[in-house]
Amino acid sequence: MTTFPYPALSLHHDSGVGVLDKASHLLSVLEDGPASVSRIVAVTGLTRPTAYRLALALQRLRLVTRDAKGRYHLGPRLSEMAALEHGDRMLSLAGSLLPELRTRTGASARIYRRCEEGQLCVAAAEIPKAHPVSVGTALMARSGATAQVLIAWEAPEALYKGLMGARFTADTLIQVRRRGWSQSFDPADDSTATLAAPVRGPGGRVVAALALTGPAGRLTGDAARQAVGSLIDVALRLGEASGA
């Protein structure tokens, strides 16, 4: 008889739907960290074909991802659902914080989240004569400080996908992670600049990007240092609200 190095989990739960119980057990294994199919089989007692089929189905739903070593991880959709659960609190606070940040820096203040199309504007406080970005606008995440912040702290597979077709490199994202924020200039108008910083939810997960966009003179040099301080302060307060 074959023995396993891990205790098999019971598959008897109260849902009454066997396939859901099996999927739940598979996700429970991944809560402890990345796992191969062999480890999933050992811990859950599932057959290898069943474990593989479930993992593949969950991957299609973005509930699970797979890295270059073939190990499975909890997928981005779980983080997105957690962010949405707390989103009203963060956006409610943004209603007062973004106008204050705009007044302090003289730049448009916006919050973006990742979406299938790239990045979605979920809140904004615009300066006069700016090129406004309406709330609900989805933009490609291929260039600029906001896209860099939204991608820089992703899991390896999502990071790789985010770099496909991007106008920045992995080295750029390494610098963003080291610095904790990003800066870019509008390729069509170098008099306009953007600063962006991550909004972190529970467990330090990046749930959004807070961005300032406005005249380059207000977002470069000494002015940029002051603006970044205000930007990070507001991002921290928004992050606290997202985990409330």
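Our subject in this report is the structure included herewith. What you are looking at is a predicted structure, and each value in this text was computed from that prediction instead of being measured.

1. Digging into the pairing of strand β8 (residues 206–215)
Item 1. By the criterion of burial, β8 is predominantly enclosed, with 8 of the 10 residues buried.
Item 2. Sheet analysis places strand β3 (residues 108–115) next to β8, joined by 5 bridges and oriented antiparallel. Residue pairing in the sheet places R110 in a bridge with A211 of β8.
Item 3. In terms of strand pairing, strand β7 (residues 189–200) meets β8 through 9 bridges, oriented antiparallel. Within β8, the residue paired with T192 across the bridge is P215.

2. Brief notes about the packing of helix α5 (residues 144–152) against helix α7 (residues 170–179)
Item 1. Contact geometry for α5 and α7: axes closest at 9 Å, N-to-C directions at 80°. By the angle class used here, α5 and α7 are roughly perpendicular. Here Q148, V149, I151 and A152 of α5 lie close against α7, whose contacting residues are T172, L173, V176 and R177.
Item 2. Split into classes, the residues belonging to the contact of α5 with α7 amount to 5 nonpolar, 2 polar and 1 charged.

3. A short note on helix α2 (residues 37–44)
Item 1. Among the 8 residues in α2, 6 count as buried, and that is most of the element.
Item 2. Those residues of α2 that fall on the buried side of the exposure criterion are V37, I40, V41, A42, V43 and T44.
Item 3. Packing partners of the buried residues in α2 comprise α1 (18–31), α3 (48–60) and β2 (72–74).
Item 4. Following α2 by one or two positions, G45 adopts a phi angle in the positive range, close to 85°.

4. A look at the packing of aromatic side chains
Item 1. What the rule picks out here adds up to 0 aromatic pairs.
Item 2. The ring of W181 has R179 lying over it, and the distance from NZ or CZ to the ring centre is 4.2 Å.
Item 3. The ring of W153 has R200 lying over it, and the distance from NZ or CZ to the ring centre is 4.8 Å.

5. Some points on the sheet that holds β7
Item 1. Pairing is antiparallel in the open sheet, where 6 strands are placed in the order β5-β4-β3-β8-β7-β6. Lying at the two open borders of the sheet, with one neighbouring strand each, are β5 (138–139) and β6 (182–186).
Item 2. Sheet topology places β3 next to strand β4 (residues 118–125); 7 bridges connect them, and they run antiparallel. In the sheet register, R110 faces β4, and the bridge partner there is A124.
Item 3. Running at roughly 35° to β7, helix α8 (residues 221–242) makes contact with β3, β6, β7 and β8 of the sheet.

6. Focus on the nonpolar core
Item 1. Ranked by size, the top nonpolar core spans 28 residues in total, and within it L98, I111, V199, L210, L212 and L238 carry the most contacts.
Item 2. Listed by contribution, the elements that provide at least two residues to this core are α4 (76–105), β3, β4, β7, β8 and α8.
Item 3. Looking at this core element by element, the count peaks at 6 residues for α8.
Item 4. Setting aside residues no more than four positions away along its own chain, L210 makes contact with L98, L101, R110, I111, L195, A196, A197, V199, L231, V234, A235 and L238.

What counts as what
Residues numbered from 1 in each chain as written. Predicted model: local features only at pLDDT ≥ 70, side-chain atom pairs only at ≥ 80, totals over all residues. Heavy atoms only, no water. Buried < 20%, exposed > 50% of the residue type's maximum accessible area, 1.4 Å probe, protein only. Helix = DSSP H or I, 4+ residues; strand = E, 2+ residues; numbered from the N terminus. Pairing = 2+ DSSP bridges. Axes fitted to C-alpha atoms, helices over the stretch in contact; angles between N-to-C directions. Parallel < 35°, antiparallel > 145°, perpendicular 65-115°, else oblique. Contact = heavy atoms within 4.5 Å. Nonpolar A, V, L, I, M, F, W, Y, C, P; charged D, E, K, R; others polar. Phe/Tyr/Trp six-rings, centres within 6.5 Å; stacked < 30°, edge-to-face > 60°. Lys NZ or Arg CZ within 6 Å of the ring centre and 35° of its normal. Core = buried A, V, L, I, M, F, W, Y, C linked by side-chain atoms within 4.5 Å.

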